[in-house]
Amino acid sequence: MDLVVVRHAIAEERDVLRWPDDRDRPLTAEGESRFRRAARGYRKIVSEVDVVLASPLERAWRTAQLLVEEAGWPDPKPCDALEPDRNPAEMIDALRAQGQNVVAAVGHEPHLGELISYLLTGSDRGASVELKKGAAARLELDGIIPGRSTLRWLVQPRIARASGR
């Protein structure tokens with residue numbers, strides 16, 4: 001199985017007056033516009049995606065919807081294991097349940113960086129991986145066993161936007 005990890009696009013700043021529940025915090029207009037261009041690049045970079053799992057928080061969910069609209073990826077499925085502050089090990093069961101060739105996961109930092117580290121080294125702190133907002137990485141998962149994955153590529157959003165032109 002391959003896993004394509006995507007960090008959500010640029011979101012509004014935390015503001016308890018506007019979004020008392022941070023789960024509702026949306027993307028900025030600029031963040032959505034820039035990610036639309038990046039998503040068109042991901043359409044060229046990622047030839048196929050079988051299933052998209054997304055954090056149910058608004059900013060990640062909307063990012064996954066933009067991948068549907070601009071890259072032609074499948075409609076997202078909510079995945080609680082992609083919420084911030086979750087243990088990366090929780091994603092192992094979620095991935096095993098998919099039984100697909102290429103799974104995309106849309107979520108948040110630092111959780112996604114910890115997930116990549118966990119899959120590569122067996123420890124969520126074994127490698128320092130940080131995704132910029134709108135960035136993506138592809139891993140080849142050997143049996144979905146932590147520590148036995150291979151990082152195939154990591155694309156910053158600037159490169160994805162340029163690829164989408």
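Please read all numbers here as calculations on a predicted model, not as lab measurements.

Colleague: Where do I start with the overall build of the protein chain in this structure?
Modeller: In terms of regular secondary structure, the protein chain is built from 5 helices and 6 strands. The order of helices and strands in the protein chain, counted from the N terminus, is β-α-β-α-β-α-β-α-β-β-α. Dimensions of the protein chain, computed from the C-alpha atoms along their principal axes, are close to 40 × 35 × 25 Å. Burial statistics for the protein chain: of 165 residues in total, 48% are counted as buried. Within the protein chain, contacts between residues at least 6 apart in sequence are counted, and of these 69% link residues at least 24 apart. By element, 43% of the accessible surface of the protein chain is carried by carbon and sulfur atoms, the whole surface being about 7,800 Å².

Colleague: Help me out: how do you make sense of the layout of surface pockets in this one?
Modeller: Over the atoms rolls a probe the size of a water molecule, and in doing so it shows where empty space is left. The calculated volume of the largest pocket comes to roughly 290 Å³. Taken together, 17 residues form the lining of the largest pocket, with H8, R14, R25, R59 and E109 sitting closest to its centre. Residue composition of the lining of the largest pocket, by class: 4 nonpolar, 2 polar and 11 charged.

Colleague: Where do I start with the side chain of Q98 in this structure?
Modeller: Its location among the elements puts Q98 in the loop between α3 (90–96) and β4 (102–107). Among the residues examined, Q98 registers a relative accessible area of 17% and is labelled buried. Setting aside residues up to four positions removed in sequence, Q98 forms contacts with V51, L53, K77 and V103.

Calculation criteria
- Residues numbered from 1 in each chain as written.
- Predicted model: local features only at pLDDT ≥ 70, side-chain atom pairs only at ≥ 80, totals over all residues.
- Heavy atoms only, no water.
- Helix = DSSP H or I, 4+ residues; strand = E, 2+ residues; numbered from the N terminus.
- Buried < 20%, exposed > 50% of the residue type's maximum accessible area, 1.4 Å probe, protein only.
- Contact = heavy atoms within 4.5 Å.
- Areas by Shrake-Rupley, 256 points an atom, 1.4 Å probe, with all protein chains shown as cover.
- 1 Å grid on protein atoms, 1.4 Å probe; cavity = no way out; pocket = protein on both sides within 12 Å on 5 of 7 lines; lining within 4 Å.
- Points joined across faces, edges and corners; volume = space filled by probe spheres on them.
- Nonpolar A, V, L, I, M, F, W, Y, C, P; charged D, E, K, R; others polar.

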